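Reading the structure
For reference, the chains in residue letters:
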Amino acid sequence: MTKAQVVAQLLPSTYAPKETGASFAPTNIALCKYWGKRNTELNLPATSSLSIALPGKGAFTKVMLSTQAEDTVTLNGLSIATNTSFYRRLTQFIELFRKKVMWRLHIEIQMTIPVAAGLASSACGFAALTMALNDLFQWQLPLRDLSILARLGSGSAARSLWSGFVEWHQGEREDGMDCYAEPLSMQWPSLCVGILTISQKEKFLSSREAMLRTVKTSDLYRCWPDKVQRDLTQLKRAIHEGDFTTFGMTAESNALAMHATMLSSWPPICYALPETLAAMQQLWELRQQGIEVYFTQDAGPNLKFLFLEESKPLINKQFSNLDIIYPFKQRVG
Ligand code: DP6
């Protein structure tokens, strides 16, 4: 099964384009991680995962039909050269929807987060692009189908179409038609996510490459699917019951386990910098003092803290440069 075959199953046979399509997609932070694929071509994950959206942090994407000979892309107002991997990844995705009619697009992306620094810029990027295309061509697809399409660009993009908590189902089918995300109805108004930016440098190894290497070479990876299943159940129960201790503990333990599989890969993969470890130690000390704060970490050196509003003043005192977000109080776009 190819990506083009999946697209052909979902899209209407004719397109009725408007002049412009536009959308915003928030980035998402996984609390139970997606790490490893059962199908690399279709980005079908080895396990389900669970995330939280960060309102206001994401991608605003505008797409317009163009008369140029090739697609043109701007990122935060700057034109993207056609020989960059960013341009290639984007246009390979667009290619899936071109069919026989050779339209070209002008794409304008405004990102409110650093690109490729472990803040899921590809997740919100592909989600916003998929929704902007749906708007431009008036496909009128349900979000579930758009989640499947966004996944073809980047796995975690499947979760970036909603605000709040989102679960991405691993599915079983070979064509991935049962592999989409959907929002959980539960809200947690006092929940805060704090972003601790340690470096904005582009990562040395993409999550795509890192995942492949982990699955191939890490002995510890064999334990990962069972761990995810347990963590996912535990996290959903904790969200349901408002049990912050279990929630934070499970998310932190899940992230550490994912990084342990990377450390046990060969060649080893370590996204943490000395400052990342120092921040973890500082956070653990706070916890010893009775302040409930936990962290999660993705494919980069930055940390995302999880805590409740009541702990905010004390945490802010220790980490003054924390960018604090209220996932359930702020507007999405
Ligand atoms: C560590 O979605 O970027 O952020 O599907 O290859 O594009 P591809 O990978 P990607 O991986 C995200 C990995 C992660 C964990 C997560 O978001 O669940």
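This section reports on the structure supplied with the text.

Reading the values: the criteria
Residues numbered from 1 in each chain as written. Predicted model: local features only at pLDDT ≥ 70, side-chain atom pairs only at ≥ 80, totals over all residues. Heavy atoms only, no water. Salt bridge = Lys/Arg side-chain N within 4 Å of Asp/Glu carboxyl O. Helix = DSSP H or I, 4+ residues; strand = E, 2+ residues; numbered from the N terminus. Buried < 20%, exposed > 50% of the residue type's maximum accessible area, 1.4 Å probe, protein only. Phe/Tyr/Trp six-rings, centres within 6.5 Å; stacked < 30°, edge-to-face > 60°. Lys NZ or Arg CZ within 6 Å of the ring centre and 35° of its normal.

1. Quick look at the pattern of salt bridges
In the structure shown here, the tally under the stated rule is 14 salt bridges. Its salt-bridge partner being Arg98, residue Asp71 comes within 2.6 Å of it at the nearest N-O pair. Here Arg98 lies in the loop between helix H2 (85-95) and strand S7 (104-111) and Asp71 lies in the loop between strand S4 (49-66) and strand S5 (72-75), a separation of 27 residues in the sequence. For the residue pair Asp71 and Arg98, the accessibility class agrees, reading buried in each case. Two residues, Lys329 and Glu309, come together in a salt bridge whose shortest N-O distance is 3.0 Å. In this pair, Lys329 sits in the segment after strand S13 (323-325) while Glu309 sits in the loop between strand S12 (303-308) and helix H9 (312-318), placing the two residues 20 residues apart along the sequence. On the accessibility criterion, Lys329 (48% relative accessible area) is partly exposed. Bridged by salt links that share partners, the residues Lys33, Asp298 and Lys304 form one connected network.

2. With respect to the packing of aromatic side chains
Taken as a whole, this structure holds 18 aromatic pairs when the rule is applied. On the numbers, 6.1 Å between centres and 90° between planes, the contact of Trp188 with Phe244 is edge-to-face. Of the two residues, Trp188 sits in the loop between strand S9 (181-183) and strand S10 (191-196) while Phe244 sits in helix H7 (residues 244-263), which places them 56 residues apart along the sequence. For Trp188, a relative accessible area of 7% puts it in the buried group. By relative accessible area, Phe244 is classed as buried at 5%. Put simply, the rings of Tyr15, Phe93, Phe97, Trp103, Phe126, Phe137 and Trp139 pair up and form one aromatic cluster. One residue, Arg98, lies across the ring of Trp103, its end atom 5.4 Å from the ring centre.

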